[in-house]
Amino acid sequence: MKHLLSINDLGKEDALELLNLAIEMQNVNSRDVKKLPALNGRTVANLFFEDSTRTRISFELAAKRLSADVINFTAKGSSVSKGESLKDTVQTLEAMGVEALIVRHNHSGAVNTIANADWSKASVINAGDGTHEHPTQALLDALTIRQRLLGKDHLGDLTGLAVLIVGDILHSRVARSNMLLLRKLGARVAICGPATLIPEGIEGLSDQVFYNLDEALQHGFDAVMMLRIQAERMNSAFMPNGAEYASGWGLGDSRFSKLGTKTLILHPGPMNRGLEISSSAADSEQSAILDQVTNGVAVRMAVLYKLLAQEQSNVR
Amino acid sequence: MSDNLMIFRGATLSNGDVIDIAVEGNSIIQVGTNLILEGTDIDCSGLIALQGFVDLHTHLREPGFEQSETILTGSRAAAMGGFTAVHAMANTSPVADNAAVVEQVHALGESAGYVYVQPIGAVTKNLEGSALADLLKMNQSRAQVTVFSDDGKCVSDSLIMRRALEYVKAFGGVIAQHAQDPHLTIDAQMNESPVAFELGLAGWPSVAEEAIIARDVLLTEHVGSRLHICHVSTAGSVEIIRWAKARGINVTAEVTPHHLLLTEELVRDYNPVFKVNPPLRSDSDVLALRAAVADGTIDIIATDHAPHTADSKDCEWGQAAFGMIGLETAFSVAQTTLIETGMIDWVRLEQLLSTNPANISGLERHGKAIQAGHAANITFINSKRQAVVTGTTQSKSTNNPYIGMELFGEIVHTLYEGVLTVKHGQIQELKNA
């Protein structure tokens, strides 16, 4: 495996191997000296064409903990804002000698374009492309769900668990990658949201579709993942306004109180408190939101280690 | 005997007759078996002779976008594809919305000399959809425009569409509609389907095409005019057109070669060579389109040849231009998808690629039977060849989606107004050009 563009690039065994590798990275991260020499002398570029603080610093920290040199390239303040093409940007980084490109881009498939073109020999890691995929987010979610619900010692898949993803499924790369990965790992995945945000063809990717959140929650899911609602959706007739969304599909205080204490609550962040999730839910004992952030670093270390230390050394 | 008398010996016509065709000047002077004439004999045994092809939908890009194609390079590509006439779409810069531009395009076509270049006029001023272009003046110009289209954009305003349909009745014109509801396709990137959702690309629903076609056939009926539908791409559109024709509405329809062969599955690698408007659709749409060609619901095959520079395709999908070239491959795709599947015969293919498009446009020297007294516009085909498509092209652009695919059939000779523009599969350098 040279690139990680989509969850489809991973077989079930590959995914489990990454999750279990991430546990080893968690152990590194819990030590006083949080550093491995695995990628010493290697250079990793964060290539971000779209704003993202959390994912970028998570990758940056992951690469640094593996001793890689990290450069950050963001479209704002760079030549991209002056109209440089993707090809020129990638070729420029290639000429500087970069072994991995961690790419976030506002266009779906831009990471595939970089990986398939002959612009660069670097490994490409998808850090979120348009409304397509965000595979490391799905891996960190799977790790979080497994550890919180099945225990830290569980190294197997997620068979028997049921997960509900709520919100803007149509535009969510997090939802796509999670549907693919969680089902690959044996979990049952249902989705819920207003019909304007549930795409045609969802049937093949999810086990059940709900338009009504209260009805969905009666089914007793093991984990509920609330997605971030973007403000611009209100302007394109996907929904009338935020208050209506919150009342229909938000995890507000009254829904949270009926949820039961065993249901895990996830959110990929950043949260709109009071819109898709209330503070009481987000800050509760059963919320795994900060675990997701912590596990993000470990999972990204595992991905970088696998692509750069294991795979590239096999080639050399 | 004349120096420039050519006898094409032993060619097979679309109806199966094997004959000799004698050509002198720009005319067919005699057709028959074992003609006793002296001239240059060209052995055509085993070749099929069809009326020269007519493309009703070509983007030649000149004036304004000469970096992707010129009238000369596009004409050469057309000749290589067996075409003797093409219709140059109006979305040039400046837009072909007035007599001066269409006359310029027409004149450049004549000086190139490879095919008859018939300009299409814009329906609305600057393709903006809000005011009619100079339709009558373009018709009365030396270019004699009869087909009008805002192709690339839809005439989406119902009132403007109605007025255009009414207005062209004065001179027997036809409005060729690019059927695409603009609001239903904001930012759309590919066919709306499960594949689009998986790829995270904004969907382009079938209904965005079908709703416009339904509206326009009803408008056409209401005002008693004539409508042509460009590049039909969905099974639902076929149903609506079939219904309209049964009702007696004066509508014709075209399909592109790529919509007869390629499907949305090809988008999965985000290779922009497959990015096209209307988008590649599903398997069932492709099959419905082929059936519609066979049963007469669709009248013609038109290329929608859309050259783009390498840079505008060597980028991420969302940034890439819509369109693919198709003049040189159109016939082979048609043979592969329609003849080799047994869905149509050569007579029908000749109608689709020659007779019908010439009739829609009213071209007098094209789309006529291969017989004495008619213009010498003939395409000679080797239908037995099967070959992998390469990137070699006479076009200035290389956005060819068929590279690497195996297709049937090749153009051996193209005869345009008595001049061999293509001989033994090679483009000819014209002396008077």
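Worth saying up front: this structure is predicted, and the values here are computed from it rather than measured.

Definitions and cut-offs
- Residues numbered from 1 in each chain as written.
- Chains lettered and ligands numbered in written order.
- Predicted model: local features only at pLDDT ≥ 70, side-chain atom pairs only at ≥ 80, totals over all residues.
- Helix = DSSP H or I, 4+ residues; strand = E, 2+ residues; numbered from the N terminus.
- Rg over C-alpha atoms; globule rule 2.2 N^0.38 Å.
- Buried ≥ 20, exposed ≤ 12 C-beta atoms within 10 Å, placed from the backbone.
- Contact = placed C-beta atoms within 7 Å.
- Axes fitted to C-alpha atoms, helices over the stretch in contact; angles between N-to-C directions.
- Parallel < 35°, antiparallel > 145°, perpendicular 65-115°, else oblique.
- Nonpolar A, V, L, I, M, F, W, Y, C, P; charged D, E, K, R; others polar.
- Pairing = 2+ DSSP bridges.
- Domains from an automatic or database assignment.
- Expected span 1.5 Å × (residues − 1).
- Arc of directions from axis to C-beta.
- Core = buried A, V, L, I, M, F, W, Y, C linked by C-beta atoms within 7 Å.
- pLDDT = per-residue confidence, 0-100.

A. Molecular detail of the overall build of chain A. For chain A, the helix and strand inventory stands at eleven helices and nine strands. The C-alpha radius of gyration of chain A comes to 19 Å, within 12% of the 20 Å expected for a compact globule of 316 residues. Along the first, second and third principal axes, the C-alpha atoms of chain A reach 55 × 45 × 35 Å. Looking at the 316 residues of chain A, the share that counts as buried comes to 48%. A separation threshold of at least 6 residues defines the contact pool for chain A, and within that pool the share at least 24 residues apart is 75%.

B. A look at the overall build of chain B. Each helix and strand in chain B was counted, giving eleven helices and 19 strands. Taking the principal axes of its C-alpha atoms as reference, chain B extends roughly 65 × 45 × 45 Å. For chain B, contacts bridging at least 24 residues in sequence account for 74% of all contacts bridging at least 6.

C. The arrangement of the packing of helix H6 (residues 206–223) of chain B against helix H7 (residues 235–246) of chain B in detail. All names here are of chain B. Where H6 meets H7, the axes come as close as 9 Å, and the angle between the chain directions of the two elements is 10 degrees. As the angle between them shows, H6 and H7 are arranged roughly parallel. Residue-level contacts link Ser 206, Glu 209, Glu 210, Ile 213, Ala 214 and Val 217 of H6 to Gly 236, Ser 237, Ile 240, Ile 241 and Ala 244 of H7. The residue makeup of the contact of H6 with H7, split by class, is six nonpolar, three polar and two charged.

D. View of the pairing of strand S2 (residues 18–24) of chain B. Residue and element names in this part refer to chain B. Where burial is concerned, most of S2 is hidden: five out of the seven residues are buried. Pairing analysis gives five bridges linking strand S1 (residues 6–12) to S2, with the strands arranged antiparallel. Bridge pairing in S2 links Ala 11 to Ile 19. Following S1, the chain reverses through five residues before pairing antiparallel with S2; Gly 16 in that reversal takes a positive phi of roughly 100 degrees. Once S2 ends, the chain turns through two residues before running back antiparallel as strand S3 (residues 27–32), passing Gly 25 with a positive phi of about 60 degrees.

E. Broad picture of the sheet that holds strand S15 (residues 300–301) of chain B. All names here are of chain B. Sheet architecture is open: five strands sit in the order S9-S10-S13-S14-S15, paired in parallel fashion. With partners counted over all chains shown, the strands left at the sheet margins are strand S9 (147–148) and S15, one partner each. When strand S10 (residues 174–177) meets strand S13 (residues 227–229), the two strands line up parallel, connected through three bridges. Paired with Ile 175 across the strands is Leu 227, a residue of S13.

F. Spatial organisation of the domain arrangement of chain A. Residue and element names in this part refer to chain A. Along its sequence, chain A is carved into domain 1 (7–133 + 293–315) and domain 2 (135–292). When each unit is reduced to the centre of its C-alpha atoms, the spacing between domain 1 and domain 2 is 25 Å. Of the residues lining the interface, 24 residues belong to domain 1; the matching set on domain 2 comes to 23 residues. Counting only elements with at least two residues in the side of domain 1 that touches domain 2, the list comes to helix H1 (12–29), strand S4 (123–129) and helix H11 (289–315). Along the lines of polarity and charge, the residues of the side of domain 1 that touches domain 2 split into ten nonpolar, nine polar and five charged.

G. Region of the structure containing the pairing of S1(B). All names here are of chain B. By the criterion of burial, S1 is predominantly enclosed, with five of the seven residues buried. One ladder, built from four bridges, connects S1 with strand S4 (residues 40–43); its direction is parallel. Its bridge partner lying in S4, Met 6 is registered against Thr 40.

H. Highlighting the sheet that holds strand S6 (residues 188–192) of chain A. Residue and element names in this part refer to chain A. Sheet architecture is open: five strands sit in the order S7-S6-S5-S8-S9, paired in parallel fashion. Either end of the sheet is taken by a strand with one partner, and the two such strands are strand S7 (208–210) and strand S9 (264–266). Sheet twist, expressed as the mean angle between neighbouring strand axes with direction ignored, is 20 degrees. As paired elements, strand S8 (residues 223–226) and S9 share three bridges and run parallel to each other. Bridging across to S9, Ala 223 finds its partner in Leu 264.

I. Seen up close, the environment of B:Ile344. Residues and elements named next belong to chain B. With respect to the helices and strands, Ile 344 occurs in the loop between helix H10 (330–339) and helix H11 (346–361). Spatially, the C-alpha atom of Ile 344 lies 29 Å from that of Gln 180, the residues being 164 residues apart in sequence. Beyond its immediate chain neighbours, meaning those up to four positions away, Ile 344 contacts Val 293, Ala 294, Leu 338, Ile 339 and Leu 349.

J. Structural detail: the interface of chain B and chain A. Across the boundary between the two partners, chain B contributes 16 residues, which contact 22 residues of chain A. Looking at which element gives the most residues to the side of chain B that touches chain A, the answer is helix H5 (residues 194–199) of chain B, with three residues. Its residues placed into classes, the side of chain B that touches chain A shows seven nonpolar, five polar and four charged.

K. Examining H1(A) more closely. Residues and elements named next belong to chain A. Given a rise of 1.5 Å per residue, 18 residues ought to cover 26 Å, and the 25 Å separating the end C-alpha atoms of H1 matches this to within 8%. For H1, the set of buried residues is Ala 15, Leu 18, Leu 19, Ala 22 and Met 25. Buried residues along H1 cover an arc of 115 degrees about the axis, so they all sit on one side. In H1, those exposed residues whose orientation departs by more than 90 degrees from the buried face are Glu 13 and Asn 27.

L. Quick look at the nonpolar core. B:Ile21, B:Ala49, B:Val115, B:Phe148 and B:Leu289 are the most contacted members of the largest nonpolar core, which has 139 residues in total. Discounting chain neighbours no more than four positions away, the residues touching B:Phe148 are B:Ile120, B:Gly121, B:Ala122, B:Val123, B:Leu135, B:Ala164, B:Val168, B:Gly173, B:Ile175 and B:Ala176. Listed in part, the 95 residues of the second largest apolar core include A:Leu39, A:Ala122, A:Ala142 and A:Leu227.

M. Molecular detail of the environment of B:Asn191. All names here are of chain B. Relative to the helices and strands, Asn 191 is located in strand S11 (residues 190–191). For the pair Asn 191 and Ala 294, spaced 103 residues apart in sequence, the C-alpha to C-alpha distance is 24 Å. With residues near it in sequence (within four places) discarded, Asn 191 still touches Ala 196, Gly 203, Trp 204, Glu 264, Pro 279, Leu 280, Arg 281 and Ser 282.

N. Broad picture of the confidence of the model for chain B. Here chain B averages 97 in pLDDT, while 99% of its residues score no lower than 70. Predicted as a complex, the structure gets a pTM of 0.94 and an ipTM equal to 0.92.

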